[in-house]
Amino acid sequence: MTKSRTDIILVGGGLTAKCAALMLSFSGYSFRWTTPHQTKSPRDSRTTTIHDAGMKMLSALGVWSQIAGTPCPIHKIAVGHGAPPERRGPKDWPLCWDSDMPAMAHVVQNFLLSDALDSVYYGPAPLETEIIRFDRNRDVTTLTGDNGQTYDCSLTIASDGASSKLRTLAGLKSVPLPVKQTAIVSVVSTERPLRQTAYQRFLTGGPLAIMPTGDYEGSLVWSLPDHVAQNLSHQKSEKVSAYLNSQFGPTLGRLTICDELLLWPLQPAFVPAITSPGLIVAGDAAHALHPLAGMGFNLALADIAELADGLGAAQRRGLQPSHLSVQKHYSIQRRTEISALTALTQSLNWLFSPASGPLVEIAGLGFSVLDAVPLKNKLKQIAMGGQLSKPALFRGQMPF
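Overview of the structure. No experiment lies behind these values; they were computed from the predicted model shown.

Once that is clear, we can look at the overall build of the chain. A tally of helices and strands in the chain yields 10 helices and 22 strands. Within the span of the chain, comprising 400 residues, buried residues form 52% of the whole. In the chain, the proportion of contacts linking residues at least 24 apart, taken out of those at least 6 apart, comes to 73%. If you sum the accessible surface of the chain, you get close to 17,800 Å²; carbon and sulfur atoms cover 54% of it.

Attention now goes to the pattern of salt bridges. Considering all chains together, one arrives at 5 salt bridges under this definition. In this structure, the salt-bridge partner of K18 is D118, at a minimum N-O distance of 3.0 Å. Of the two residues, K18 is situated in helix α1 (residues 15-24) and D118 in helix α3 (residues 110-120); the sequence distance between them amounts to 100 residues. On the accessibility criterion, K18 (16% relative accessible area) is buried. In this structure, the salt-bridge partner of K56 is D52, at a minimum N-O distance of 3.5 Å. Residue K56 and its partner D52 are located together in helix α2 (residues 52-60), separated by 4 residues, close to a single helical turn.

This brings us to the packing of α1 against helix α7 (residues 296-316). The interhelical angle for the contact between α1 and α7, taken along N-to-C directions, is 20 degrees, at an axis separation of 10 Å. Viewed along their axes, α1 and α7 adopt a mutual orientation that is roughly parallel. Crossing handedness for the pair α1 and α7: right-handed. Contacts from L15, T16, C19, A20, M23 and L24 of α1 reach α7 at F297, A300, L301, I304, L307, A308 and L311. Looking at the contact of α1 with α7 residue by residue, the class counts come to 12 nonpolar, 1 polar and no charged.

Right, let's talk about the pairing of strand β14 (residues 197-203) for a bit. Among the 7 residues of β14, 7 are classified as buried, and the element is accordingly described as predominantly covered. Burial along β14 is two-sided: the residues T197, Y199, R201 and L203 and A198, Q200 and F202 are all buried. Bridge analysis of strand β5 (residues 76-81) against β14 gives 6 bridges, and the strand direction is parallel. Directly across from V79, in β14, lies its bridge partner Q200. If you look at the hairpin formed by β14 and strand β15 (residues 206-212), you'll find 2 residues sitting between the two strands, and G205 has a positive phi there, around 100 degrees.

Right, let's talk about the sheet that holds strand β22 (residues 287-288) for a bit. Taken in spatial order, the 3 strands make up an open sheet running β12-β19-β22, and their pairing is antiparallel. With one partner strand each, in any of the chains shown, β12 (175-176) and β22 form the two edges of the open sheet. Taken together, the 2 bridges between strand β19 (residues 269-270) and β22 define a ladder with antiparallel strand orientation. Pairing of A269 across the sheet is with A288, part of β22.

Let us now look at the packing of aromatic side chains. According to the stated counting rule, one finds 5 aromatic pairs in the structure shown. With a centroid separation of 5.5 Å and an interplanar angle of 90 degrees, the aromatic rings of W33 and Y121 are classed as edge-to-face. A residue pair is termed long-range when its members are at least 10 positions apart, and W33 in strand β2 (residues 31-35) and Y121 in the loop between α3 and β8 (127-128) qualify at 88 residues. Residue classification places Y121 among the buried residues on the basis of a relative accessible area of 15%. For the ring pair W222 and Y243, a centre distance of 5.4 Å and an interplane angle of 25 degrees mean the geometry is stacked.

The subject of this paragraph is a nonpolar patch on the surface. A cluster of nonpolar residues, F26, M398 and F400, forms a patch on the protein surface that exposes about 240 Å² of accessible area. Within the secondary structure, F400 sits in the segment after α10 (373-384).

This part takes up the environment of V175. Assignment of secondary structure puts V175 in strand β12. By relative accessible area, V175 is classed as partly exposed at 38%. It is 8.7 Å that separates the C-alpha atoms of V175 and P268, two residues lying 93 residues apart in sequence. In contact with V175, other than residues within four places in its own chain, are P268, A269, F270 and P272.

This part covers the sheet that holds strand β7 (residues 105-109). An order of β3-β7-β4 is seen for the 3 strands of this open sheet, with the pairing classed as antiparallel. Since the sheet does not close on itself, it has two edges, and those belong to β3 (47-51) and β4 (72-74), each with one partner. Averaged over all pairs of adjacent strands, the angle between strand axes in this sheet comes to 30 degrees, irrespective of strand direction. Inspection of the sheet shows β4 paired to β7 by 3 bridges, in the antiparallel sense. Residue I74 lies in a different strand from β7, and its bridge partner there is A105. Its contacts with the sheet place α3 against β3 and β7, and it is angled at close to 85 degrees to β7.

A few words now on unusual backbone geometry. A cis geometry characterises the amide bond from M101 onward to P102, with omega recorded as -5 degrees. Relative to the assigned elements, P102 resides in the loop between β6 (95-98) and β7. A positive phi angle, close to 60 degrees, is found at R138, a residue other than glycine. One can find R138 in the loop between β9 (131-137) and β10 (140-145). With phi around 55 degrees, Q196 is a residue other than glycine that occupies positive phi space. Within the secondary structure layout, Q196 lies in the loop between β13 (181-190) and β14. Looking at Q196, the relative accessible area reads 33%, which means it is partly exposed.

The rules behind these values
- Residues numbered from 1 in each chain as written.
- Predicted model: local features only at pLDDT ≥ 70, side-chain atom pairs only at ≥ 80, totals over all residues.
- Heavy atoms only, no water.
- Helix = DSSP H or I, 4+ residues; strand = E, 2+ residues; numbered from the N terminus.
- Buried < 20%, exposed > 50% of the residue type's maximum accessible area, 1.4 Å probe, protein only.
- Contact = heavy atoms within 4.5 Å.
- Areas by Shrake-Rupley, 256 points an atom, 1.4 Å probe, with all protein chains shown as cover.
- Salt bridge = Lys/Arg side-chain N within 4 Å of Asp/Glu carboxyl O.
- Axes fitted to C-alpha atoms, helices over the stretch in contact; angles between N-to-C directions.
- Parallel < 35°, antiparallel > 145°, perpendicular 65-115°, else oblique.
- Left-handed = near helix turned anticlockwise from the far one by under 90°.
- Nonpolar A, V, L, I, M, F, W, Y, C, P; charged D, E, K, R; others polar.
- Pairing = 2+ DSSP bridges.
- Phe/Tyr/Trp six-rings, centres within 6.5 Å; stacked < 30°, edge-to-face > 60°.
- Patch = residues over 30% accessible without salt bridge, like charges linked within 9 Å, V, L, I, M, F, W, Y side chains within 5 Å.

Here's what the structure looks like:
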């Protein structure tokens, strides 16, 4: 058994881990990157919504300009409640946000973002090994891989997903939130142009969202009761398209499913503690949101940006990356946004997707409250990022 010592070890293999690795390459600390054993999988056709502050961060890291094609901007968000009316009209989407410049967010295909991250990263290559043990002794963390090797570091960053094994090994808890829904994810073509508008309709059973990826194409994320989603997944695309049209309404004309249907079981969770001695958890390992707000990856970007601020301050003072100041900064700065968006997404899904009863009337009142100008403007600012979390990278500035 051999040992290897470095300042930081990053664990994870997804988009969040790639962003974290790129950030660490600028930090001045030495680091090692381990990923789970990789299996060859088809191209990830899903999309990610990145708010304005996240776009500034990726620009500062040199990623944004390397994304092939042009990410589709979102200049308007339209929200509806309940079944669609028979005809198009303003009452169909009673809650709208607009922003001419800058765009509130951009929609990027996951594989294009992944390729862009790979193209600008020149740090240590990831090592494929499954971490099976986490030990902390004084100021040294020791990780044991399934390859028989142990790795010593000052700080471990766990970015290994919602079912984080490293988080479990370190004894940090994850509290599941009650959602019995599965999201159907696919690509839809539209008869009428989307006009850079993101649509979300709160229906009985769950919200239906279409994010623009082009003039006549959008990314579908439709949250449904588990059994309904499973049933639809076995239907032909023509039947699924017909049901989609009946639930979304005529605003975009005929909607047609034009890619395979992917099922995404929703398992939102709240992680009470996101740090422990020698460990920081980030991305889905630190928070798993309902997808209705499209904020999951933006929260992960904020994790990385706040961690960058803490590491930058520690580096300038000559401190180890596991110094208590880094842990405190990260925990304090992330807690407000994570708690607020977890509560917001859970509440919106619970309030605006009732089948019947008094909640239907309460939901209607809720729409009126959300449409109040001060609150509406605040929600727009939150959607653009940089409000609940204000790290340097979110302003387009490097903290190192």
